[in-house]
Amino acid sequence: MKIERVYLLANKTSTPAGSLNRKAEPTLLEIIADARVNQMGAQRQMTVFGKVYVDARIVRVMGEHAANSIGLSGMSLKTFAPSYAITKVAYHQYRTDFYIIVDKKQVGGD
């Protein structure tokens, strides 16, 4: 487990409700300085994703949060890249777990 800065990103429309232009732009939702990022072991990846990837992680954040994607400590604050889609969200007492796949190459199998 390693503690690092993560960025929660949410797609929000930047136009008023009456406008026909509903293009959703990713906006920085929150910066969490004490998130815990865990590498997932092979059996846990099979349980959550049904497949084993080269790099899958659990990002644990204190409190209840919602986001569309997550940026890790190396993310650019101007372009929001690289950011990773959230595959699964689990809420626990006072904590939110976001499951992400960092490297989609599969290990073994199909």
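This part takes up the nonpolar core. Listed in full, the 12 residues of the largest apolar core are Val 6, Leu 8, Val 37, Val 59, Val 61, Ala 67, Ile 70, Leu 72, Tyr 84, Ile 86, Phe 98 and Ile 100. Taken together, the elements giving at least two residues each to this core come down to β1 (2-13), β3 (53-62), β5 (84-92) and β6 (95-106). For Ala 67, the residues in contact, after removing those within four places along its chain, are Leu 8, Leu 9, Ile 86 and Phe 98. Core analysis: the next-biggest nonpolar cluster, separate from the first, contains eight residues, Phe 49, Tyr 53, Ala 90 and Ile 101 among them.

With the rule as written, the count across this model stands at one aromatic pair. Geometrically, the ring pair formed by Phe 49 and Tyr 53 is edge-to-face, given 6.0 Å between the ring centres and 85° between the ring planes. The ring of Tyr 99 has Lys 88 sitting right over it, with the charged end atom 5.4 Å from the ring centre.

This part is about the pairing of β3. In terms of burial, β3 is largely enclosed, as eight of its 10 residues are buried. Bridge count between β3 and β6: nine bridges; the pairing is antiparallel. By the bridge assignment, Asp 55 is partnered in β6 with Asp 103.

A few words now on unusual backbone geometry. At the junction of Ala 81 and Pro 82, the peptide bond is cis and its omega measures out at -10° in the coordinates. Phi at Phe 80 takes a positive value of approximately 55°, unusual for a residue other than glycine. Take Phe 80: it is sitting in the loop between β4 (69-71) and β5. For Phe 80, a relative accessible area of 18% puts it in the buried group. The phi torsion at Tyr 94 lies on the positive side, around 65°, for a residue other than glycine. The residue Tyr 94 is located in the loop between β5 and β6 in this model.

Take the pairing of β6 next. Pairing analysis gives six bridges linking β5 to β6, with the strands arranged antiparallel. Bridge pairing in β6 places His 92 opposite Arg 95. Linkage of β5 to β6, two consecutive antiparallel strands, is achieved through a turn of two residues, within which Tyr 94 is found at a positive phi near 65°.

Quick notes on the rules
- All residue numbers refer to positions counted from 1 along the written sequence of the respective chain.
- For a predicted model such as this one, the threshold for reporting local features is a pLDDT of at least 70, and the threshold for listing and counting side-chain atom pairs is 80 or more; totals across whole chains, interfaces and linings nevertheless cover every residue.
- Heavy atoms throughout the structure, all of them, feed into the side-chain values; hydrogens and water do not.
- Residues belong to a common nonpolar core when they are buried Ala, Val, Leu, Ile, Met, Phe, Trp, Tyr or Cys residues joined through side-chain atoms within 4.5 Å.
- Only protein chains enter the accessibility calculation, which uses a 1.4 Å probe. A residue is then buried if its area is under 20% of the maximum for its type, exposed if over 50%, and partly exposed in between.
- In this text, helices come from DSSP runs of H or I with a minimum length of four residues, and strands from runs of E with a minimum of two, each type numbered from the N-terminal end.
- The contact rule is simple, with two residues in contact once any of their heavy atoms fall within 4.5 Å.
- A pair of Phe, Tyr and Trp rings is counted when the ring centres sit within 6.5 Å of each other, with Trp represented by its six-membered ring. The angle between the planes then sorts it: under 30 degrees is stacked, over 60 is edge-to-face, the rest tilted.
- Only lysine NZ and arginine CZ atoms are considered, and such an atom sits over a ring when it is within 6 Å of the ring centre and within 35 degrees of the ring normal.
- Strands pair, by our definition, only if DSSP identifies at least two bridges between them.

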